[in-house]
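So the chains spell out like this:
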Amino acid sequence: MLADASHSVLRWEASVLRDVQGLNGHAPRFLGYVRGARVLAMEFVPGGDCAEYVLRERARRALRADAGLPPAVAADLARAMLSPLEALHALGYVHRDVK
């Protein structure tokens, strides 16, 4: 019985790896269960958070400290963040920790 359950988990893990391997070029690092929920953890992507990005763009564009990003820049940022999430959702996965 345990062997059947283990085999089922391995099949699930293999299918998840196949599904997400190419999304945005980042590879899965952990597949398994945490408190009964199936979990997939992807590799860390360096580069800072959105607040750091906004600060860098303001400095690069010589914008006031309280200025927002130009609409086209904000739209590009949103697309870059949401495109991989949209692909995950299309595969039936939900990302629970977007930073």
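Residues numbered from 1 in each chain as written. Predicted model: local features only at pLDDT ≥ 70, side-chain atom pairs only at ≥ 80, totals over all residues. Heavy atoms only, no water.

Caption draft 1: Examining the side chain of glutamate 57 more closely. As for its position among the elements, glutamate 57 is in helix α2 (residues 50-60). Glutamate 57 gets classed as buried once you look at its relative accessible area, which sits at 9%. Residues contacting glutamate 57, with those up to four places away along its chain left out, are Leu69 and Val73. (Helix = DSSP H or I, 4+ residues; strand = E, 2+ residues; numbered from the N terminus. Buried < 20%, exposed > 50% of the residue type's maximum accessible area, 1.4 Å probe, protein only. Contact = heavy atoms within 4.5 Å.)

Caption draft 2: Examining the packing of α2 against helix α3 (residues 71-90) more closely. Where α2 contacts α3, the two axes come as close as 12 Å, and the packing angle between them is 150 degrees. When the axes of α2 and α3 are compared, the pair comes out roughly antiparallel. Relative to α3, α2 is oriented so that their crossing is right-handed. Taking contact as the criterion, the partners of Cys50, Tyr53 and Glu57 in α2 are, on α3, Val73, Leu77 and Met81. (Axes fitted to C-alpha atoms, helices over the stretch in contact; angles between N-to-C directions. Parallel < 35°, antiparallel > 145°, perpendicular 65-115°, else oblique. Left-handed = near helix turned anticlockwise from the far one by under 90°.)

Caption draft 3: Examining the environment of methionine 42 more closely. Assignment of secondary structure puts methionine 42 in strand β2 (residues 37-42). When the C-alpha atoms of methionine 42 and proline 28 are compared, they prove to be 4.2 Å apart, with 14 residues separating the residues in sequence.

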